[in-house]
Structures are given as structure tokens and as C-alpha cells.
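Residues per chain are reported as follows:
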Protein chains: 2
Amino acid sequence: MNILVQKFGGTSVANLERMRLVRERVKLGLAGADKAVVVLSARAGETNRLLALAEEWSSNPDPAERDVLISTGEQTSAALFAMLLRDDGLKARSVLGFQIPILTDEEYGKARIRSIEADRLRAWLKDYDVLVVAGFQGISPSGQVSTLGRGGSDTSAVALAAALKAGMCEIYTDVEGVYTADPGIVSNARKLDYIVYDEMLEMASMGAKVLEIRSVEFARRYSVPVHVRSTFTGTRGTMLIKEVKKMEQALLSGVTQDKDQARITLRACPDRPGVSAGIFGPLAQAGITVDMIVQNPSLDGVTDMTFTVSRKDLLKALAVMEEERGRMPGMEVLHDSNVCKVSLIGVGMRNHSGVAAKAFETLARENVNILMISTSEIKISCLIEEKYIELAVRALHEAFDLGKSAEG
Amino acid sequence: MNILVQKFGGTSVANLERMRLVRERVKLGLAGADKAVVVLSARAGETNRLLALAEEWSSNPDPAERDVLISTGEQTSAALFAMLLRDDGLKARSVLGFQIPILTDEEYGKARIRSIEADRLRAWLKDYDVLVVAGFQGISPSGQVSTLGRGGSDTSAVALAAALKAGMCEIYTDVEGVYTADPGIVSNARKLDYIVYDEMLEMASMGAKVLEIRSVEFARRYSVPVHVRSTFTGTRGTMLIKEVKKMEQALLSGVTQDKDQARITLRACPDRPGVSAGIFGPLAQAGITVDMIVQNPSLDGVTDMTFTVSRKDLLKALAVMEEERGRMPGMEVLHDSNVCKVSLIGVGMRNHSGVAAKAFETLARENVNILMISTSEIKISCLIEEKYIELAVRALHEAFDLGKSAEG
């Protein structure tokens, strides 16, 4: 049985007219598959409406109860779409998280999928041509409704595709696929036909708009073929794959920017064993994720330590540092939220040297000062002043010829 | 363990302010019981909003999918109220139909409860002081969400009280209890302290506003003590009981009116064996409930047959009669929707004669013409012209001294 999984986001199911378009996509999908499993998000705006309701009712809404509340958004989408399919003569039914069940952990609001029972799904697929699954939701070991966090419907879809060994998982969204750069910044940004899972993971900042990061991890772990494409144009989008043939391997896949960066510098920080743990331990405990970290060479037993956090976490991070300062006499805490990160991403980088040097040269030629650098096997990231971000993205896209297809 | 079941309707949970008042009712309830099971309806207007959505999406919404959709209304109420209780330091959680489970049949939209599993509820009641149950919903044998039809939350509450052997089932509503007559018509209508299940069942037309009829059947079958009272005033309401002591037994409990009546007369209907089946069989098949029926004595092999149906069913009933007319040459079909039913109700009637005679005399004295009569052991109903309805209710209430307490 060839099963197609299709996921449609909130803007795709916002109203009746759009759901009719989605129905056409499902019918087209069924033309090339035996059965379809359609995963839906809440209608655009619905989750925010429900979250606002929770905030109105409680200054600190219980996470488990909030999940009971907000999961109604996807339940509503699934019921309405199942009606629409049945009106068109299709054998369809809605399926909720608890009915499958999609078992998660107990981390309400950001639950992780532990397992998906495929037996009932397979049984229903004997009776129905389309199962309309409420995305974003699961059920915890204690039988309570859980939700997977923002963008969780992507994860629902990929996880269902893995559990059902689906031939394809199509993620329909309001963009046409993954681009070499943000088309809003780079006019000749090119849509990629393929992207390797690892690259997609590194594109988190850009990918967040296209595909939820945890769904990519899931796809990579279970080698789920994912096709990111547009609900509205229906043209071919970008395929997420494990690897491309060496001959076709481009050096780079794209350049991304991340404006959600704030920098904290600890000046004259005492340099002794355990000081890093003393700084980053409390930050982690406060739920703050640190992105880039640079430590300058020590001088006279003190050092400068610089790291970046998400802008929304800046004040919280400064408060944590304030608390730690008592234990680090003489240390000065500086911060700057007018910084951005520009990154070059590509698995082809692994086998080529000189990419970093060329990137730094390119930025220098444009008089863009590099504040911090971090590199991985397939990514080079530079922290720069925010005002230079568009300039930097365009210059790097141009320097590495990303507008020209390596495949064509 | 002394368990109190409390049910609050849509107007009682319409907004945050009202839910806070409901929270006070729950806390007062907990002062006299070990644990509380609170059953909530959808917030006022929510079910209609969801039904309108279903109608927008489909001209003929699938009943099972419609249930998936509208059950979100009670789910929302339960989650929000559980948050509110927890904010106040109470140990509370929401409970959905599938989690208990409340097992129903497969009649989506008007499902009947088959059984309620009390084990999980009892286990939760060890950890929580208040369980907030989403009313109106259950789960069918195939695991799909089902709803119990309009007013189904009353049935949820009474059925839960029966399953848990609760000490009391309080039904909170926007009226203060059950009255001897509609206070909007009769100024000295008196709130009843007690009413017998059988009387409450006969008060269907009036009771529909106070208590859903199926919940009364449930209460009677399992002898659940039910207390109908107001969310807003908090005063003592009306207790539903099995029987009152003979000494305290009033002759009558109330007079009710039912405006939802339409009369159909079949004139010169051939009077032969099976003709009734030929008329009422097709009506039943069309899902039309017939209320009163009168057949005049036969003359020359033809008879006049008169019956009443709900006004919303009149056109459908006339269409059914039109189809049958071919088989009954000469028959004439007349109809009138300007008719109402006035009823006297009381278990005390069983042991007293002359109630009917006094009722007919009273109506005659007011020049109210009686169009049809039907009686049971504890009820006398008269069909009259609609324009006389308030007059008739007031006259009967006065004639039988219902404004004066038999108990006081």
C-alpha cells in the first residue's frame, strides 16, 4: 500500500475557500498513491486566539490544561476538512491524537513524540481513503492531551510518515520551497530542488519559516523523504534527502540570516577551572539557549567571554549574570542587541578548503566588521552589526554564485 | 467518600466573571463534600457558533464529524475552568469523555450513554479534589467522539452521579428551580421545594427549559438525588425525588404550556383495519413524533382523525400525508398551527377524582374552547387556541390554588 502523507499549515486551511484548494491537492495526491494521510494545523490565528483566552483566564495557565484548550484548534480543522472531503464523495474521517494514539512525553506545551501506533491507522486505511489527522497533538502516558509546540504539525506529519513507511511526506506551506537565500533580500535567490537533511538542520533560522526544526531531525533519523512545496502554486518545491550524488554536489546550498541574536560580553571574567560551568550552568537552568560562544586568551588570570542568546532571552540572561557577578569580583557585563548572524551552509564544504577565507574576504571588501565567528563541518557563521545584514547576505550569495544552479 | 456532582450550563460559564462565580459555588460545595465532579456545558453561544461553522462547510455535515467539531466547546470550558481552579490553589484537572470513558452508542449528534467507567474517575479523585468534566460528550464503541444532543450535559452530570454513587447531583441553571407555572405568565407561580421524577418527566414542555428530559429519565432509573438551582442567587432550588410522603402529597404540582404544537386533521379518512398504521407508520419513518391523537367515531365507513406534531415538523408531516392521500380517496387534510397545549401535572391526581372535570369547567368559564384532550394517570392535557394560552394557564393555576404552598 503506497501511502502519501500531506501536511497543510494554518494559512492553507484558514477558511472554506482555501480548504477547497487543499481538497484539490489531496485529490491530486490520491491520483498517485493508494491512500492519503492528511495532517492539518489549526486555522490561521486560531491558536493565538486560544492562547489569548488562556492568558485572560489565568496569569500562569497550567501547561496541561492549556494543551487541552489549544488542541481544539487542530480538532476543529480536522473535523471541518473531513466534512468537506465526504461532501465530495471521498471516504474520509478525522483522527485525533488520542485515537491513534500518538504517544508523547509529559512535557505539556512542547511534548516530544515517543511512539506512534500504526496498527489502528492501517486498519482505518482499509476502510477510508483519506485520514484527516489533527496535527500538533498527542497523548501523554497518563492519558492527558499534549501538544508538540509551535510548528508541531510538521513533526506530526513526518512522524506519521515514518510510522506508516509512507512513500512521501509533502509539507505544504505558503512558500514554494527552500531558497539559497531569503528572496526578500536577494532578488536572484534560487529555489533548491534538493537539500540534504543536515543542511536543512543548519538552516534553522531560515528553515524555521519553512519547516519546524524537530520535524527535520525526525526526517533525518528515519530517512523520511520530505517534499516542501506551496499549497497555492502547486509547483515542485524542495526535496529533503539524505545525500546527493557526489558529482552533483554543490559547494554551498545557501546563505541565511538570523536577526534574533543578542550579544553578552563578560569583561575581566576570572579565568579559573569551572568558570564556564558557573556561567552557562545557571543560564541553562533558566531555560536560556546559548548560541555562539567565544573566549579570548587569558591575561593576568582574567579573560573576556562573549556569547549570544535569543533577543527575547536577553533581559533574563542579564538578570542571571547579575546574580553570578557577586562570585566574580571585577567582572563587567556588557550587552548589545543590534547584532545579527549570517551563515553559509553546505555539505559540499566538507571536501573543500578556502570557503571560510573567501567569506571573510568578501565581508571585508564590503567593510563589514566580523564580531564573532563559529564554524561547523557544514556551516560558517559570522556575527555582524545588524545594519550590514542585507549587504552581507547579498555579497556572500553573489561571491559564491548561489543564484546559478549547480545542477543546471 | 462523599462525592458531589455539580453541573453548570452555558450561561453560567459564558465568560471569566461568571466562571469565577461558578468557582465560588464549587468551593461552597466542597465545604460539604469530600470531592467534587463538575460538569460544564460549552460557553453560551459557542455550540451555535460551531454548528454554524459546520453548516458553512457542508450542506449536510457528517454527524460523526460534526460531533468532533462541536465537542470542542465543552473541551474549551473544561480546560479554562480547570485553569481557574488551579489558580486558586485547588487540586483540579479537566477530564474529557474519552478519558473516563463515557461509552455511548453510535448515534452521533444524539448518542445515548451505554456505560460509564467509574474506576479511573475514582483513581483521579484520590489525586484531585475537583474533576472538571466536559459535558455533552462521550465516545462510541469504535472510538469516535460522540455528543448527547441538546442539553446533554444534564445527562452527563446525572449519569456520572449514578456511576459514582454521588451524594447529590446539583444542576445549576439560570432559573431558581421548578415552578408551579411559568412565572412570566403567572405572577404568583411558586417554586416547588420537591418534585417527583414522574411529574418532572411530564413537565417536558416546561422542564425542557430547566432540565433535559433524558437526564430526568436517568435520574429516575438510578434514583439519583437531583437539586435544580440557580448559579446566580445560590438559594435552595427544587429537589427531584422518587416520592413524597403521602401526608405532604399535593394534588397537583404545576400547570404547563407548550406552544410547539400544530394540529393536522384527516377528514373523511377511510376507517378500515390498518389505517392508523398507514398514517402513523410513515410519520414515524420520517422521524416525526406525534403527540396527541384523537379519532372520532366512524360514520358510513369514514372517520375524522386528528393529531398534533411539533411545529417544525408540520410541513414534513403534510408532505407525508400528501403521499398517503392517493391510497385514501376522498380524504381531506386540514391543518392549524395556532394551537397550544395546556397541562395539569401531579402524582396526587392518581388518588383523586374530579380534577379533569374541574379543569374543563374552569376553561369553560373563561370561554376557552377545548380542541383535544389527552390524559394519563398524572397529567391532563388540553389543546386550545393559542390566543387563550396565558388566560388558561392563569385560570387553572388559580382554580387549583397552586400559588399557595401545600407544604406550608
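Here, the structure is the one placed above.
Structural notes, computed from the coordinates. (Residues numbered from 1 in each chain as written. Chains lettered and ligands numbered in written order. Predicted model: local features only at pLDDT ≥ 70, side-chain atom pairs only at ≥ 80, totals over all residues. Heavy atoms only, no water.)

### What to know about the relation of the copies chain B and chain A
The line we're drawing: The least-squares superposition of copies is restricted to C-alpha atoms, and to residues with a pLDDT of at least 70 in both copies. Two residues qualify as a contact provided that any one of their heavy atoms is within 4.5 Å of a heavy atom in the partner residue.
For the pair chain B and chain A, the relating rotation is 180°, the translation along its axis is 0.1 Å, and the fit reaches an RMSD of 0.1 Å. Viewed as a symmetry operation, the transformation between the two copies matches a two-fold axis. It is Thr72(B) whose C-alpha, among those of chain B, lies nearest the rotation axis, at 2.8 Å. By residue overlap, the copies meet face to face through one surface: 100% of the interface positions of chain B are interface positions in chain A.

### A short note on the sheet that holds strand S9 (residues 168-173) of chain A
All names here are of chain A. For clarity, the cut-off: Pairing between strands requires that DSSP locate at least two bridges from one strand to the other. Numbered from the N terminus, helices here are DSSP runs of H or I no shorter than four residues, and strands are runs of E no shorter than two. Axis angles are defined between N-to-C directions and span 0 to 180 degrees, where every axis is a line fitted to C-alpha atoms and, for a helix, only to the segment in contact.
Here we have eight strands laid out as an open sheet, ordered S3-S6-S2-S1-S9-S11-S12-S10, and mixed in their pairing. Strand pairing shows two members of the sheet lacking a second neighbour, strand S3 (92-95) and strand S10 (194-196), which therefore form its edges. Averaged over neighbouring strand pairs, the angle between their axes works out to 20° when direction is ignored. Sheet topology places strand S2 (residues 35-40) next to strand S6 (residues 130-134); five bridges connect them, and they run parallel. Paired with Leu 40 across the strands is Ala 134, a residue of S6. Strand contacts of helix H4 (residues 119-127): strand S1 (3-8), S2, S3 and S6, with the helix running at about 120° to S2, the strand carrying the most contacts.

### Quick notes on the nonpolar core
Here is the rule we go by: Take the buried Ala, Val, Leu, Ile, Met, Phe, Trp, Tyr and Cys residues and link them wherever side-chain atoms come within 4.5 Å; each set so joined is a nonpolar core. Each residue is assigned to one of three classes by its accessible area relative to the maximum for its type, calculated with a 1.4 Å probe on protein chains only: buried under 20%, partly exposed between the two thresholds, exposed over 50%.
Counting residues in each nonpolar core, the largest one holds 72 residues, and the members touching the most others are Phe81(A), Val130(A), Phe81(B) and Val130(B). With near-sequence residues (within four places) excluded, Val130(A) lies in contact with Val26(A), Leu30(A), Ala36(A), Val38(A), Leu85(A), Lys91(A), Ala92(A) and Arg93(A).

### Comments concerning the pattern of salt bridges
Once their charged atoms are close, side chains differing in charge can pair, the charge on each being opposite to the other. Residue and element names in this part refer to chain A. Heads up, the condition is: Counted as salt bridges are all cases of a side-chain nitrogen of Lys or Arg within 4 Å of a carboxyl oxygen of Asp or Glu.
Counting across every chain of the model gives 46 salt bridges over all chains. Here Arg 43 makes a salt bridge to Glu 46, at a shortest N to O gap of 3.9 Å. In terms of burial, Arg 43 and Glu 46 fall into one category: buried. Across the salt bridge formed by Glu 377 and Arg 350, the nearest N and O atoms sit 3.6 Å from each other. With Glu 377 in the loop between strand S17 (372-376) and strand S18 (379-385) and Arg 350 in the loop between strand S16 (332-345) and helix H11 (355-365), the pair connects residues that are 27 residues apart, well separated along the chain. Under the relative-accessibility criterion, Glu 377 is labelled exposed at 58%. Judged by relative accessible area, Arg 350 falls into the partly exposed class, the value being 42%. Counted as one network, the salt bridges with shared partners bring together Arg 23, Glu 24, Lys 27 and Asp 88.

### Regarding the packing of helix H2 (residues 46-57) of chain A against helix H3 (residues 63-87) of chain B
Cut-off, in case you're wondering: Reported orientations rely on four angle classes, namely roughly parallel under 35 degrees, roughly antiparallel over 145, roughly perpendicular from 65 to 115, and oblique for the rest. Should the near helix be turned anticlockwise from the far one by less than a right angle, the crossing is termed left-handed; should it be turned clockwise, right-handed. Note on residue classes: Ala, Val, Leu, Ile, Met, Phe, Trp, Tyr, Cys and Pro are nonpolar, Asp, Glu, Lys and Arg are charged, and everything else, Gly too, is polar.
Two numbers describe how H2(A) lies on H3(B): the axes approach to 9 Å, and their chain directions differ by 30°. By the angle between their directions, the pair H2(A) and H3(B) is classed as roughly parallel. Seen along the crossing, H2(A) lies across H3(B) with a hand that is right-handed. For the pair formed by H2(A) and H3(B), the contact residues are Leu53(A), Ala54(A) and Trp57(A) on the first element and Thr76(B), Leu80(B), Met83(B), Leu84(B) and Asp87(B) on the second. Here the contact of H2(A) with H3(B) is composed, by residue class, of six nonpolar, one polar and one charged.

### Looking at the interface of chain B and chain A
Note the threshold: Buried area is understood as the total, over both parts, of accessible area removed when two parts are fitted together, assessed with a 1.4 Å probe.
With 39 residues of chain B at the interface, the matching set in chain A holds 39 residues. Both faces combined, the contact of chain B with chain A buries some 3,300 Å², and carbon together with sulfur accounts for 60% of it. Area buried by chain B at its contact with chain A is led by Trp57(B), Glu65(B) and Met83(B), which between them contribute 24% of it. Remark: the boundary between chain B and chain A carries two salt bridges.

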